[in-house]
Amino acid sequence: MNSRADPSDEAQGLRLVRAFLSLPPDKRAEVVAFVEDLVRAHARPNDRQEISPLDR
């Protein structure tokens with residue numbers, strides 16, 4: 001981790017990871033799909049590239 005990061009940011013990140021990992025597999029898949037949709041929606045036109053299932 002970045003040593004310059006705010007400790008509270010790191011703690012929040014760890015809480016998010018723990019919450020994600022505590023989800024059942026089907027809910028985790030929904031979260032991943034939602035985030036991928038957000039990334040696609042906010043990508044600039046020249047940055048649009050399909051995400052391969054192998055890149056996960």
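All of the points below concern the structure found in this document. (Residues numbered from 1 in each chain as written. Predicted model: local features only at pLDDT ≥ 70, side-chain atom pairs only at ≥ 80, totals over all residues. Heavy atoms only, no water.)

Points about the overall build of the chain
- Regarding its fold elements, the chain presents 2 helices and 0 strands.
- The buried share of the chain, taken over its 56 residues, is 2%.
- Carbon together with sulfur atoms contributes 59% to the accessible area of the chain, which is approximately 5,200 Å² in total. (Helix = DSSP H or I, 4+ residues; strand = E, 2+ residues; numbered from the N terminus. Buried < 20%, exposed > 50% of the residue type's maximum accessible area, 1.4 Å probe, protein only. Areas by Shrake-Rupley, 256 points an atom, 1.4 Å probe, with all protein chains shown as cover.)

Points about a nonpolar patch on the surface
- Together, Val31, Phe34, Val35, Leu38 and Val39 make up a nonpolar patch on the protein surface, roughly 410 Å² of accessible area in all.
- Following the sequence through the fold, Phe34 ends up in helix H2 (residues 25-42). (Patch = residues over 30% accessible without salt bridge, like charges linked within 9 Å, V, L, I, M, F, W, Y side chains within 5 Å. Salt bridge = Lys/Arg side-chain N within 4 Å of Asp/Glu carboxyl O.)

Observations concerning the pattern of salt bridges
- In total, this model carries 3 salt bridges according to the counting rule given.
- Between Glu30 and Lys27 there is a salt bridge, with its nearest N and O atoms 3.7 Å apart. In this pair, Glu30 and Lys27 are both assigned in helix H2, 3 residues apart and thus about one turn of the helix distant.
- Taking the relative accessible area as the measure of exposure, Glu30 reaches 47% and is therefore partly exposed.
- Lys27 sits in the partly exposed class, given a relative accessible area of 38%.
- Where Arg40 meets Asp37, a salt bridge forms, and the shortest distance between an N and an O atom there is 3.0 Å. In this pair, Arg40 and Asp37 are both assigned in helix H2, 3 residues apart and thus about one turn of the helix distant.
- Residues joined by salt bridges that share partners form a network here, namely Glu36, Asp37 and Arg40.

Nothing here speaks to function; it is geometry throughout.
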